[in-house]
Structure formats: C-alpha cells, structure tokens
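Single-letter residue listing:
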Amino acid sequence: MRAYLTLKENRQFQRAYKRGKSFVSPGLVTYVIKNNSNNLQFGITTSKKIGKAVQRNRCRRIIRAAFFELYPDIKSGYDIVFVARAKTPYMKSTDIYSAMKNHLQQANVIVRT
C-alpha cells in the first residue's frame, strides 16, 4: 500500500476550494485538484453547521472509511478535499462511499472501476 498524506495547512485547503473542480451530492462535496508532487493528499472538513463534536467526528469517520475503501484505486498526484454536509451524520458509510466513488469517477481520478 502506498503512502498517503493529509492536508493540514489552510492554504492547501484554500487552493483546492478556489482552483479545484467541485462535485456535489446531498451528503458530500468533493474538491479535486492536481498537485505538483506524485503523492495523493486528502483532507476532510466539517463545519459547526453539521452539529456538535460527536456528529462532526462521526462525519469524519464515515468519510475516512469510504476513502480508504477507494484508496487503492485512486491515482496519485492529486489533492482531494471532502466537505461534510448537513445530511452526512445521518447517512451510512456505504451511501458516502457511492457518492465519493461517483465524484472521483467524474473527476477521472479512479484508475479501476
């Protein structure tokens, strides 16, 4: 399994928001932008609109679980930001998985289907 990196700095997220391609579904928003390295980097954001800490942590957990199922099929060299929406804490990880797979296929980032 190849290494992955997480986005940590605000400027990395802002670059994805401003210049990245976005894909929207009721439970998830995905931003994809090509980076200058050969690494796959991802970040997850949840705002206080989602709810209290327990719900925000649940959103991050189910998004992370869906991402790691798709991880072997994703091309390297991209920054990907996942943004939780208001419906995310009430969805199952399989629903998030299908939305995420659809977004990444539209972005042409998945190697295998």
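Residues numbered from 1 in each chain as written. Predicted model: local features only at pLDDT ≥ 70, side-chain atom pairs only at ≥ 80, totals over all residues. Heavy atoms only, no water.

A. Broad picture of the overall build of the protein chain. Along the backbone of the protein chain there are three helices and five strands. Over its C-alpha trace the protein chain gives a radius of gyration of 13 Å, about what one expects of a compact globule, namely 13 Å for 113 residues. With respect to the principal axes defined by its C-alpha atoms, the protein chain has extents near 35 × 30 × 25 Å. For the protein chain, buried positions account for 46% of its 113 residues. Residue pairs at least 24 apart in sequence account for 79% of intrachain contacts in the protein chain once pairs closer than 6 positions are excluded. Here the protein chain has roughly 6600 Å² of accessible surface; of this, 49% comes from carbon and sulfur atoms. (Helix = DSSP H or I, 4+ residues; strand = E, 2+ residues; numbered from the N terminus. Rg over C-alpha atoms; globule rule 2.2 N^0.38 Å. Buried < 20%, exposed > 50% of the residue type's maximum accessible area, 1.4 Å probe, protein only. Contact = heavy atoms within 4.5 Å. Areas by Shrake-Rupley, 256 points an atom, 1.4 Å probe, with all protein chains shown as cover.)

B. Examining the pattern of salt bridges more closely. Using the criterion set out here, one finds two salt bridges in the structure. A salt bridge links Glu9 to Arg11; the nearest nitrogen and oxygen atoms lie 2.8 Å apart. In this structure Arg11 comes out as exposed when scored by relative accessible area, which is 61%. Across the pair Asp79 and Arg15 runs a salt bridge, and its minimum N-O distance is 3.2 Å. Placement of Asp79 in strand β5 (residues 78–84) and of Arg15 in helix α1 (residues 10–19) is noted, with a sequence separation of 64 residues between them. (Salt bridge = Lys/Arg side-chain N within 4 Å of Asp/Glu carboxyl O.)

C. Representation of the pairing of strand β4 (residues 41–45). A large share of β4 lies buried, amounting to five of its five residues. Looking at chain direction, strand β1 (residues 5–6) and β4 are connected through two bridges and run parallel. Looking across to β4, one finds that Thr6 is bridged to Phe42. Sheet analysis places β4 next to β5, joined by five bridges and oriented parallel. Bridge pairing links Phe42 to Ile80 in β5. As for the winding sense of the linkage, the β-α-β connection from β4 through helix α2 (residues 53–70) to β5 is left-handed. (Pairing = 2+ DSSP bridges. Right-handed = clockwise from strand over helix to strand, strands pointing away.)

D. Local environment of the sheet that holds strand β3 (residues 28–34). Ordered in space as β1-β4-β5-β3-β2, the five strands form an open sheet in which the pairing is mixed. Here the strands that pair on one side only, and so sit at the sheet edges, are β1 and β2 (21–24). Across the sheet, α1 touches β2, β3, β4 and β5, and the angle it forms with β3 is around 95°. Lying on the sheet, helix α3 (residues 93–106) is in contact with β2, β3 and β5; it crosses β3 at an angle near 30°. (Axes fitted to C-alpha atoms, helices over the stretch in contact; angles between N-to-C directions.)

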